[in-house]
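Next come the chains, spelled out residue by residue.
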Amino acid sequence: MKFSHGARLIGVGAGLPSAVVTNFDLEKLVDTSDEWIKTRTGISERRIASEEETTSQLAIAAAKDAIGFAGIDPQEIELVVVATSTPDNLYPSTACMVQAAIGAKRAAAFDMEAACTGIVYALAVAQQFIGSGTFKCALVIGVDIHSRFLNWADRNTCILFGDGAGAFIIKADEKENEMLGTYLRADGSGGHLLHIPNTGSAYPHAGVTPPTATHGFLEMNGRAIYEFAVNAVPEAVRAACSDAGITVDDIDFLIPHQANMRIIKSAAERLGMAPEKIVSNVNEMGNTSAASIPLAMWQALKRGQIQVGSTCALVGFGGGLTWGSAIVKWTAVDQRQSSQDEGTQVTEVEASKK
Ligand code: COA
């Protein structure tokens, strides 16, 4: 897709709950083992939100971190898009709560939901607004607290997910376009394979006072989702590369949705990508749904895996069913770097980890 204005990712940020829950902790809750979870998923631990920590709080922390990275004034932001399936409430939107908290006084704000693919959809939406010249600066956040919707007695699902938020800042660029290509798809006929029933207005108990039942929990056909994912990832990356006018060989890093290391490795193999090109933090975050791609990128930048000039394939898949990919060239540097080196700056995210 060709746009009249170029777009560039200039910031990335994270917002994480402070509590770390290990596989050994889960052994005390359900009939599972650290070895089973690590072998089947690659996950060792995950962050889980406390009762006090909310989706909006994590989103706001990630937004502030990304704004710091980009070195922009929040008033430059003209669009806030939050991808989430687990907002604090039906409304106001999480995006409006973020907009107020960061002082983005000139921004439009809305939430959108494409489950774990949400961040890729949100990036594509932001690119449409920036590419058309409507807005010059957008904040895009993926955030989820799935732990509130997990059945903690179901070993098939509760071991997989973690909570968190990841954010990107995207800015118009008159000289270069670094959001090179996108691809988005959905297949609603597979919605029942991964869903959280009894959480919306179709729920017969909604609005009944006092409540007659608790809300539903995440339900999943693990094998069917596995099969879907290992096909969806290569399809999306190849199609987004084609949109970008490049080939899979031109990709330096694959930044996939962090659901399961076996899915990620199998998809990379199908794409003919070397293991060194895989970016993953699933071992320490689990599946953080809409947050997982920016969180993986945030950590890869911190450990120096992704370099300035790297061409990255972001690729998501999840409930809906939905899947999609965005090809981006990463050229941004953390504007706080010098002050961090002097030890003067501690972001809220860093502080929240202590
Ligand atoms: N600990 C120990 N045993 C477990 C377990 C756990 N946490 N969860 C399931 N098992 C058991 C099953 O009950 C089954 O036992 P059985 O053979 O006696 O019935 C056995 O392990 C094998 O289960 P199976 O479903 O074949 O395992 P798997 O190799 O397919 O792995 C998943 C299960 C869930 C890890 C895998 O299917 C998967 O990752 N699917 C995709 C899920 C996903 O990513 N969802 C989110 C997408 S956004």
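What this report covers is the structure whose coordinates are included nearby. Only a predicted model underlies this, so the values are computations on that prediction, with no experimental measurement involved.

Turning our attention to the overall build of the protein. Per the secondary structure count, the protein includes 11 helices and 13 strands. Over its C-alpha atoms the protein spans a radius of gyration of 19 Å, differing by no more than 12% from the 20 Å that the globule rule assigns to 354 residues. The principal-axis extent of the C-alpha atoms belonging to the protein is close to 55 × 45 × 45 Å. Within the span of the protein, comprising 354 residues, buried residues form 55% of the whole. A sequence separation of at least 24 residues applies to 77% of the contacts in the protein between residues at least 6 apart. Accessible area of the protein: about 14800 Å², with a carbon and sulfur share of 51%. Counting 28 positive and 39 negative side-chain charges, the protein places the centres of these two groups 2 Å from one another.

This part covers the pairing of strand β1 (residues 6-15). Among the 10 residues that make up β1, nine are buried, leaving the element largely enclosed by the rest of the structure. For β1 and strand β7 (residues 164-173), the ladder comprises nine bridges, and the chain directions are antiparallel. From the neighbouring strand, G11 faces β7, where its bridge partner is I169.

So, about the environment of R106. Position of R106 among the secondary structure elements: in the loop between α4 (94-102) and β5 (108-112). When the C-alpha atoms of R106 and I77 are compared, they prove to be 6.8 Å apart, with 29 residues separating the residues in sequence. Excluding anything up to four places from it in sequence, R106 contacts Q75, E76, I77 and E78. A distance of 2.9 Å separates a polar side-chain atom of R106 from the backbone oxygen of Q75. A polar atom in the side chain of R106 sits 3.1 Å from the side chain of E78.

Within the secondary structure, D34 sits in helix α2 (residues 34-41). Those residues in contact with D34, other than ones at most four positions away along the chain, are N23, F24 and E27.

Across soluble globular proteins, nonpolar side chains show a tendency to be buried alongside one another. Ranked by internal contacts, the top residues of the largest apolar core, which has 45 residues, are F228, V237, L254, M273, F317, W323 and I327. Looking at this core, the elements with two or more residues in it are α6 (222-244), α7 (261-270), β12 (310-318) and β13 (322-330). It is α6 that provides the largest number of residues to this core, a total of 11 residues. When neighbours within four sequence positions are excluded, V237 is seen to be in contact with V248, L254, L271, A313, V315, S325 and I327. If you look at the next biggest cluster of nonpolar residues, it comprises 44 residues, including A126, I293, A326 and V328.

Another aspect to go through is the site of the ligand. Not every one of the 23 residues close to the ligand is listed here, only the nearest: T32, R40, G222, R223 and N260. Taking T32, its side chain carries an N or O atom lying 2.6 Å from a nitrogen atom of the ligand. In the model, a nitrogen atom of the ligand is placed 2.9 Å from a nitrogen or oxygen of the G222 main chain. Contact with the protein chains hides 76% of the accessible area of the ligand, taken as 960 Å² for the molecule alone. The cavity where the ligand resides is the second largest pocket. Those elements that place two or more of their residues in the shell around the ligand are α2, α6, α7 and β12. A total of four residues in the shell around the ligand trace back to one element, the largest contributor, which is α6. Among the residues forming the shell around the ligand, the class breakdown is 10 nonpolar, eight polar and five charged.

Reading guide: rules and limits
- Residues numbered from 1 in each chain as written.
- Predicted model: local features only at pLDDT ≥ 70, side-chain atom pairs only at ≥ 80, totals over all residues.
- Heavy atoms only, no water.
- Helix = DSSP H or I, 4+ residues; strand = E, 2+ residues; numbered from the N terminus.
- Rg over C-alpha atoms; globule rule 2.2 N^0.38 Å.
- Buried < 20%, exposed > 50% of the residue type's maximum accessible area, 1.4 Å probe, protein only.
- Contact = heavy atoms within 4.5 Å.
- Areas by Shrake-Rupley, 256 points an atom, 1.4 Å probe, with all protein chains shown as cover.
- Lys, Arg positive; Asp, Glu negative; His and termini not counted.
- Charge placed at Lys NZ, Arg CZ, Asp CG, Glu CD.
- Pairing = 2+ DSSP bridges.
- Polar contact = N/O pair within 3.5 Å; in protein donor to acceptor, adjacent residues only side chain to side chain.
- Core = buried A, V, L, I, M, F, W, Y, C linked by side-chain atoms within 4.5 Å.
- Near = heavy atom within 4 Å.
- 1 Å grid on protein atoms, 1.4 Å probe; cavity = no way out; pocket = protein on both sides within 12 Å on 5 of 7 lines; lining within 4 Å.
- Sits in = over half its atoms within 2 Å of the grid points.
- Nonpolar A, V, L, I, M, F, W, Y, C, P; charged D, E, K, R; others polar.

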